[in-house]
Amino acid sequence: MTSRDDARVQLEALGAFREKLGDELVCPWWNAPVMGGLLALLTFSMSLDPPFIFLLEGLCIALIGIFYALARRRMGYFVNGYRRGRTRKVAIGMMLAVYAMMVLSGASVRGWLPWLATLGSFAIGYGAALLWQRAWRADMTAAL
């Protein structure tokens, strides 16, 4: 930067980039239901007998890998949910709530409680994914 005018031009370009960034930071429509579904599968697995718990958890890990790869291919990046800022609060709140649902699912191997906990985890995952998206956009487009 050799002058104030150069600095002003650079700051204006950065401001224009930040405005455009808000439009670019949109997860695909399937992001929230997939997140809810993965958490629901993990929650339901807690109600199964030990060999099936591990099989369903393994399936979930494989599906998470596919989810990651598809997100990277579509958007060109994948953002860690535990990053600093507003998103960390959403991610930690989501995980604590899902852990509570997992405990409920594992507390009753038979009956309706695992199904209720599974539905609860889906709702938590779906809602948290939407909240996380809003928090991430707010963090990334915050004023300088």
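Residues numbered from 1 in each chain as written. Predicted model: local features only at pLDDT ≥ 70, side-chain atom pairs only at ≥ 80, totals over all residues. Heavy atoms only, no water.

S.K.: Could you give an account of the packing of helix H2 (residues 31–45) against helix H5 (residues 113–140), naming the residues involved and the relevant values?
M.R.: Contact pair H2 / H5: the axes reach a minimum separation of 7 Å and the direction vectors enclose 150 degrees. With respect to each other, H2 and H5 are oriented roughly antiparallel. Once H2 is placed against H5, the crossing between them reads as right-handed. Between H2 and H5, the residues in contact are Asn31, Ala32, Pro33, Met35, Gly36, Gly37, Leu39, Ala40, Thr43 and Phe44 and Trp115, Ala117, Thr118, Ser121, Phe122, Gly125, Tyr126, Ala129 and Leu130, respectively. Here the contact of H2 with H5 is composed, by residue class, of 12 nonpolar, 7 polar and no charged. (Axes fitted to C-alpha atoms, helices over the stretch in contact; angles between N-to-C directions. Helix = DSSP H or I, 4+ residues; strand = E, 2+ residues; numbered from the N terminus. Parallel < 35°, antiparallel > 145°, perpendicular 65-115°, else oblique. Left-handed = near helix turned anticlockwise from the far one by under 90°. Contact = heavy atoms within 4.5 Å. Nonpolar A, V, L, I, M, F, W, Y, C, P; charged D, E, K, R; others polar.)

S.K.: Any details on the packing of aromatic side chains? Residues and values, ideally.
M.R.: If you walk through the whole model with that rule in mind, you get 4 aromatic pairs. Considering the side-chain rings of Trp30 and Phe67, the 5.9 Å spacing of their centres and the 75 degrees angle between planes classify their relative orientation as edge-to-face. Here the residue Trp30 occupies a position in the loop between helix H1 (4–24) and H2, and Phe67 occupies one in helix H3 (residues 50–75), the gap between them amounting to 37 residues. Here the two residues Trp30 and Phe67 agree in accessibility, since each one is buried. Judged by centre distance (5.5 Å) and plane angle (25 degrees), the rings of Trp132 and Trp136 are stacked. Remark: Trp136 and Trp132 occur in helix H5; sequence separation between them is 4 residues, near one turn of the helix. Across this residue pair, the class does not change: Trp132 and Trp136 are buried. (Phe/Tyr/Trp six-rings, centres within 6.5 Å; stacked < 30°, edge-to-face > 60°. Buried < 20%, exposed > 50% of the residue type's maximum accessible area, 1.4 Å probe, protein only.)

S.K.: Could you give an account of the nonpolar core, with specific residues and numbers?
M.R.: Listed in full, the 12 residues of the largest apolar core are Leu39, Leu42, Cys60, Val90, Met94, Met95, Val98, Met102, Ala128, Trp132, Ala135 and Trp136. Considering each element in turn, this core owes the most residues, 5 residues, to helix H4 (residues 86–107). (Core = buried A, V, L, I, M, F, W, Y, C linked by side-chain atoms within 4.5 Å.)

S.K.: Please set out the packing of H2 against H3 residue by residue, giving values where relevant.
M.R.: Between H2 and H3, the least distance of the axes is 8 Å, while the angle of their chain directions is 165 degrees. Relative to H3, the element H2 is oriented roughly antiparallel. Viewed along their axes, H2 and H3 form a crossing whose handedness is left-handed. Judged by residue contacts, Asn31, Val34, Met35, Leu38, Leu41, Leu42, Phe44 and Ser45 of H2 engage Ile53, Leu56, Glu57, Cys60, Leu63, Ile64 and Phe67 from H3. Looking at the contact of H2 with H3 residue by residue, the class counts come to 12 nonpolar, 2 polar and 1 charged.

S.K.: Lay out a nonpolar patch on the surface with the relevant residues and their values.
M.R.: A contiguous nonpolar patch, built from Leu59, Leu63, Ile66 and Leu70 and spanning about 310 Å² of accessible area, is present on the exposed surface. Tracing the backbone through its elements, the reader meets Leu63 in helix H3. (Patch = residues over 30% accessible without salt bridge, like charges linked within 9 Å, V, L, I, M, F, W, Y side chains within 5 Å. Areas by Shrake-Rupley, 256 points an atom, 1.4 Å probe, with all protein chains shown as cover. Salt bridge = Lys/Arg side-chain N within 4 Å of Asp/Glu carboxyl O.)

S.K.: Which residues make up the side chain of Asn31, and what values go with them?
M.R.: Relative to the helices and strands, Asn31 resides in helix H2. The residues touching Asn31, leaving out its near neighbours within four places in the chain, are Phe67 and Ala129.

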